[in-house]
Amino acid sequence: MRIEENKSLKNYNTFGIGSNARYFVSVETIEELKRALSEKPSEELFILGGGSNMLLTGDLDAFVLHINLKGIEILKATDNEVWVKAMAGENWHAFVQYCIAKGFGGLENLSLIPGNVGTAPIQNIGAYGVELKDTFESCNTVEIETLKEREFTKEECAFDYRNSIFKNKAKGEYIITSVTFRLTKKEHKTSISYGDIKKNLAERNIETPTLKDISEAVIAIRQSKLPDPKVLGNSGSFFKNPIVDSETFQEFRRNFPEAPFYEVSPTDFKIPAGWLIEKAGFKGQRFGDAGIHKKQALVLVNYGNATGKEIWQLAMDIQKKVKELTGIFIEPEVNVF
């Protein structure tokens, strides 16, 4: 374990922002993690995973702790279920593909989501009708203040739409070291109701899809809409899809009857943020090296040398225009630092 100073984070965030860390260390074991926490050279601590859900708007005058814990373990299994534990530093997509190759079901709709396993529970990642909480069993953590290890159950994580206890009540208190999932071995509960998935499977003449078929459909859909961060800096969906109450929804529908929506409950409605951004005229626009992707308005991109401040300014401009035009406020899904 070696603590570095003035470390460039350009290769540690998917936006490719040129930000420097005052201090930096990458830990590969829980023992190293505890040692780094006990010897930290700065009171300001910044936990870094896959760097996929964040926007750096300047240098970090902090001790950046890169969680690089690796390993996948099958804990136990029954005739139809299996409990799989993945360490926090495992790449999320690679882990999903591991499970599919083993015939373990439940994560296939979450293929190609950027980031690492350890950060996935923090915002309860989700896509195409499936959320992490659907297969989550528990996670192991280290408490930053005491260095004590603690397990969180699904109930204790208080999962919600793109939310968990680690984003609010317990924010900054724990570091997730591993996550355990409860997956299926044969009686898979697949989710293929989303239109894009249905269309992709139909085009391939697949009536009874396997886990691999569904994963391939999701990968194809995401690749057709979302740029590869290795080619064009981005952090996936920058904004959450807003959920509004019935009164706000009815007013919105009067003004925009053509808008797509999803009924979350009899009193709550989800409106696609991408549609709102496109309606506000931002899709495909470029402002210097900061821009909005031409295929998916939810995605803000770095064309090469944009600063985090420039991308954040663009995000705020989008928020303002969407609110003025539609009366709806869109909230960032990405963490801004």
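Our subject is the structure that appears above.
Residues numbered from 1 in each chain as written. Predicted model: local features only at pLDDT ≥ 70, side-chain atom pairs only at ≥ 80, totals over all residues. Heavy atoms only, no water.

**As for the sheet that holds strand β14 (residues 243-245)**
Here's step 1: The antiparallel open sheet is built from 3 strands, whose spatial order is β14-β16-β15. Of all the strands in the sheet, just β14 and β15 (262-265) have a single pairing partner and so form its edges. Here the average twist between neighbouring strands, direction ignored, is 35°.
Here's step 2: With 3 bridges connecting them, β14 and strand β16 (residues 268-270) associate as antiparallel partners. Bridge pairing in β16 places I243 opposite K270.
Here's step 3: Against the sheet, helix α6 (residues 246-255) contacts β14 and β16, and its axis sits at roughly 100° relative to β14. (Pairing = 2+ DSSP bridges. Helix = DSSP H or I, 4+ residues; strand = E, 2+ residues; numbered from the N terminus. Axes fitted to C-alpha atoms, helices over the stretch in contact; angles between N-to-C directions. Contact = heavy atoms within 4.5 Å.)

**Examining the side chain of S215**
Here's step 1: If you trace the backbone, S215 turns up in helix α5 (residues 211-225).
Here's step 2: Engagement of the side chain of S215 in a polar contact is seen with the side chain of Q97, the distance being 3.1 Å.
Here's step 3: Ignoring sequence-local partners within four residues, the contact set of S215 consists of Q97, I100, E108 and S111. (Polar contact = N/O pair within 3.5 Å; in protein donor to acceptor, adjacent residues only side chain to side chain.)

**Considering the nonpolar core**
One recurring pattern in soluble globular proteins: nonpolar side chains tend to sit buried together.
Here's step 1: The biggest cluster of nonpolar side chains holds 42 residues, and the ones touching the most others in it are F238, F239, I277, L300, I311 and I318.
Here's step 2: Among the secondary structure elements, those contributing two or more residues to this core are β2 (20-27), β3 (45-48), β4 (54-55), β5 (60-67), α6, α7 (273-279), β18 (290-292) and α8 (308-326).
Here's step 3: The dominant element in this core, judged by the number of residues it contributes, is α8, at 5 residues.
Here's step 4: Those residues within four positions of F239 in sequence are excluded, and the remaining contacts are A273, I277, L298, L300, A315, I318, Q319, I330, E331, P332 and E333. (Core = buried A, V, L, I, M, F, W, Y, C linked by side-chain atoms within 4.5 Å. Buried < 20%, exposed > 50% of the residue type's maximum accessible area, 1.4 Å probe, protein only.)

**Details of the packing of helix α4 (residues 195-203) against α5**
Here's step 1: One way to put it is that α4 packs onto α5 with a least axis distance of 9 Å and a crossing angle of 110°. If you check the angle between α4 and α5, you find them roughly perpendicular. Crossing angle aside, the handedness with which α4 passes α5 is right-handed. For the pair formed by α4 and α5, the contact residues are D196, I197, N200 and L201 on the first element and D213, A217, V218, A220, I221 and K225 on the second.
Here's step 2: Among the residues forming the contact of α4 with α5, the class breakdown is 6 nonpolar, 1 polar and 3 charged. (Parallel < 35°, antiparallel > 145°, perpendicular 65-115°, else oblique. Left-handed = near helix turned anticlockwise from the far one by under 90°. Nonpolar A, V, L, I, M, F, W, Y, C, P; charged D, E, K, R; others polar.)

**Notes on the layout of surface pockets**
Here's step 1: Of the pockets and cavities examined, the second largest pocket occupies roughly 810 Å³.
Here's step 2: Residue lining of the second largest pocket: 34 residues in total, with T14, P114, D228, P229 and K230 positioned closest to the centre.
Here's step 3: Going through the elements one at a time, α5 and β13 (233-237) are the ones with two or more residues in the lining of the second largest pocket.
Here's step 4: Of the residues that constitute the lining of the second largest pocket, the class distribution is 10 nonpolar, 20 polar and 4 charged. (1 Å grid on protein atoms, 1.4 Å probe; cavity = no way out; pocket = protein on both sides within 12 Å on 5 of 7 lines; lining within 4 Å. Points joined across faces, edges and corners; volume = space filled by probe spheres on them.)

**Here we look at the pattern of salt bridges**
Here's step 1: Scanning the model with the defined rule gives 19 salt bridges in all.
Here's step 2: Between E4 and K7 there is a salt bridge, with its nearest N and O atoms 3.6 Å apart.
Here's step 3: Judged by relative accessible area, E4 falls into the partly exposed class, the value being 22%.
Here's step 4: A single network of salt bridges, built from pairs that share partners, joins E131, K133, D134, R162 and E333. (Salt bridge = Lys/Arg side-chain N within 4 Å of Asp/Glu carboxyl O.)

**Considerations on the sheet that holds strand β11 (residues 149-153)**
Here's step 1: A sheet is described by the order of its strands in space; here 5 strands give the open sequence β6-β7-β12-β10-β11, paired in antiparallel fashion. At either end of the open sheet lies a strand with only one pairing partner, and these are β6 (72-77) and β11. On average, each strand axis in the sheet is inclined to that of its neighbour by 20°, with strand direction left out of account.

**Here's the deal with unusual backbone geometry**
Here's step 1: Its identity is not glycine, yet Y128 carries a phi of approximately 50°, on the positive side.
Here's step 2: One can find Y128 in the loop between β8 (126-127) and β9 (130-131).
Here's step 3: The buried category is assigned to Y128, whose relative accessible area is 15%.
Here's step 4: A positive phi is found at N205, a non-glycine position, where the angle reads about 55°.
Here's step 5: If you trace the backbone, N205 turns up in the loop between α4 and α5.

**Here's the deal with the environment of K148**
Here's step 1: Following the sequence through the fold, K148 ends up in the loop between β10 (136-143) and β11.
Here's step 2: Owing to a relative accessible area of 56%, K148 belongs among the exposed residues under this scheme.
Here's step 3: For the pair K148 and K34, spaced 114 residues apart in sequence, the C-alpha to C-alpha distance is 8.9 Å.
Here's step 4: For K148, the contacting residues outside a window of four places in its chain are T141, V142 and E143.

**Describing the state of the cysteines**
Here's step 1: Under the counting rule described, the total for this entry stands at 0 disulfides.
Here's step 2: Summary of cysteine pairing: C139 is not part of a disulfide, and the nearest cysteine sulfur, belonging to C157, is at 4.2 Å.
Here's step 3: You can call C139 buried: its relative accessible area is 1%.
Here's step 4: The exposure class of C157 is buried, given its relative accessible area of 0%. (Disulfide = S-S within 2.5 Å.)

The analysis is restricted to geometry; functional conclusions fall outside its scope.
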